[in-house]
Amino acid sequence: MAAVSDRLPAFPWDKLEPYKATAAAHADGIVDLSVGTPVDPVPQLIRRALIEAADSPGYPTVWGTVALRDAITGWVRGRLGASAAEHRNVLPVVGSKELVAWLPTQLGLGAGDKVAYPRLAYPTYEVGARLCGAEAVVYDDPTELDPAGVKLLWLNSPSNPTGKVIAKEDLVRIVAWAREHGILLFSDECYLELGWEAEPVSVLHDDVCGGSYEGIVAVHSLSKRSNLAGYRAAFVAGDADVLGELLEIRKHGGMMTPAPVQAATVAALGDDAHVEEQRERYAARRTALRAALEGHGFRVEHSEASLYLWVTRDEPCWDTVAHLAGLGILVAPGDFYGEAGARFVRVALTATDERVAAAVTRLG
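This one's a predicted model, so the numbers in the text were calculated from it and none came from an experiment.

**Some details on the layout of surface pockets**
Part 1: Estimates place the volume of the largest pocket at around 1200 Å³.
Part 2: Along the walls of the largest pocket sit 44 residues, with Trp 13, Lys 97, Tyr 122, Pro 123 and Thr 124 positioned nearest its centre.
Part 3: Of all the secondary structure elements, the ones that give two or more residues to the lining of the largest pocket are helix H5 (96-106) and helix H6 (124-132).
Part 4: Broken down by element, the residue count for the lining of the largest pocket peaks at 5 residues, all from H6.
Part 5: Per-class residue counts for the lining of the largest pocket are 24 nonpolar, 9 polar and 11 charged.
Part 6: Looking at the second largest pocket, its volume works out to about 440 Å³.
Part 7: In this structure, the second largest pocket is lined by 21 residues; those nearest its centre are Pro 118, Tyr 139, Asp 140, Lys 164 and Ile 166.
Part 8: Among the elements of the structure, strand E5 (150-156) and helix H7 (168-180) are those that each provide at least two residues to the lining of the second largest pocket.
Part 9: Looking at the lining of the second largest pocket element by element, the count peaks at 3 residues for H7.
Part 10: Here the residues of the lining of the second largest pocket sort into 10 nonpolar, 4 polar and 7 charged.

Here's what the structure looks like:
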């Protein structure tokens, strides 16, 4: 076991604990804008679906119910513009982080293979490469990579942590490059519903992939759009051959989404009203926090989408973390996401309206 854990980087969030203690000592309590975990209620229609499916004594299937596959394919066609999506093009997963972490292993990658991901990125892309013994490589533009040995290419749009959105024409170019070199492309699109100053586009959109899903897969989650982080509800969509192979592997591994969560996912994907309501909450918090941070001397970069503001005071990120902790505000240091983030911090919009108002007051 030690041999496996030794491959992994130190768990970054442990380094934040002393600053969390400082922020928690504030007279008015901590405002935690670090992790980005949803705090708003699960919509009632989703809760009802979960409860109504609670009497589920049998094993669920890895591929999910027909109703779930209908809901996912319908959403993929309507929301992502993937008009040719069928059941064979979708697969539910037990939360997107599990998928990201174990995908290289499930694809059979290992020593001598390369997994590529953005220079500023969600740390689990690197973890997935390390778990299977593959080489992790970073990029600014994936088409500038040496394609030799690259077996898996991760895109992330909108980006965590920066909120940057990849333009449609760039997606077209990247998909064509990956196909030319026989590289499997997975696009993490978990924040696609949260575009503010740009309209995120999926790699599965007909205009991007030409109506063919060969060599491309999109990853989606209900954690942020529907406040379902606690449900572990997510899915992948795209290349039927890739998903068929993953389905067989995941059957053997018992990677089943619980039946009540499958029912809740059907309800969530069938309702747009709760998504728009949650967007409005986040938009209001974003407006308030952005103005307060800029008034406090911060510069906001990118941040045109997602649940974060990517900000800097042109100083080492840990100095910024310490400064804000002194105000009772906890944020994530940018170097958690790569060396290129060493002078930035990530500020999450996932706090209650009352806590966001407290942060705005302190920054003022």
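After that view of the structure, there is still more to cover.
**Thoughts on the sheet that holds strand E9 (residues 299-301)**
Within a sheet, adjacent strands bond to each other through the backbone by hydrogen bonds, running parallel or antiparallel.
Part 1: With antiparallel pairing, 4 strands are arranged side by side in an open sheet as E9-E10-E13-E12. Of all the strands in the sheet, just E9 and strand E12 (332-333) have a single pairing partner and so form its edges.
Part 2: Bridging between E9 and strand E10 (residues 308-312) involves 3 bridges; their strand directions are antiparallel. Within the sheet, the bridge partner assigned to Arg 299 lies in E10 and is Thr 312.
Part 3: Across the face of the sheet, helix H11 (residues 273-295) comes into contact with E9, E10 and strand E13 (345-348) while running at roughly 5° to E10.

**Side note on the pattern of salt bridges**
Part 1: Taken as a whole, this structure holds 25 salt bridges when the rule is applied.
Part 2: Its salt-bridge partner being Arg 130, residue Glu 126 comes within 2.8 Å of it at the nearest N-O pair. Here the residue Glu 126 and the residue Arg 130 both occupy positions in helix H6, the gap between them amounting to 4 residues, near one helical turn.
Part 3: Taking relative accessible area as the criterion, Glu 126 reaches 22% and is therefore assigned partly exposed.
Part 4: Through salt bridges with shared partners, a single ionic network connects Asp 28, Glu 354, Arg 355 and Arg 362.

**Some remarks on empty space enclosed by the protein**
Part 1: On inspection of all chains with the given rule, the structure shows 2 cavities of 30 Å³ or more.
Part 2: Taken as a whole, the largest cavity encloses approximately 50 Å³ of empty space.
Part 3: Looking at the largest cavity, the residues that line it are Trp 75, Glu 189, Cys 190, Leu 192, Glu 193, His 220, Ser 221, Arg 225 and Phe 235.
Part 4: Taken together, the residues of the lining of the largest cavity sort by class into 4 nonpolar, 2 polar and 3 charged.
Part 5: Size it by volume and the second largest cavity reaches roughly 30 Å³.
Part 6: Leu 68, Ile 72, Pro 92, Ala 233, Ala 234, Phe 235, Thr 257, Gln 262 and Thr 265 are the residues that line the second largest cavity.
Part 7: Every element with two or more residues in the lining of the second largest cavity is listed here: helix H4 (66-80), strand E8 (234-238) and helix H10 (259-269).
Part 8: Each residue belonging to the lining of the second largest cavity can be placed in one class, and the counts come to 6 nonpolar, 3 polar and no charged.

Calculation rules
Residues numbered from 1 in each chain as written. Predicted model: local features only at pLDDT ≥ 70, side-chain atom pairs only at ≥ 80, totals over all residues. Heavy atoms only, no water. 1 Å grid on protein atoms, 1.4 Å probe; cavity = no way out; pocket = protein on both sides within 12 Å on 5 of 7 lines; lining within 4 Å. Points joined across faces, edges and corners; volume = space filled by probe spheres on them. Helix = DSSP H or I, 4+ residues; strand = E, 2+ residues; numbered from the N terminus. Nonpolar A, V, L, I, M, F, W, Y, C, P; charged D, E, K, R; others polar. Pairing = 2+ DSSP bridges. Contact = heavy atoms within 4.5 Å. Axes fitted to C-alpha atoms, helices over the stretch in contact; angles between N-to-C directions. Salt bridge = Lys/Arg side-chain N within 4 Å of Asp/Glu carboxyl O. Buried < 20%, exposed > 50% of the residue type's maximum accessible area, 1.4 Å probe, protein only.

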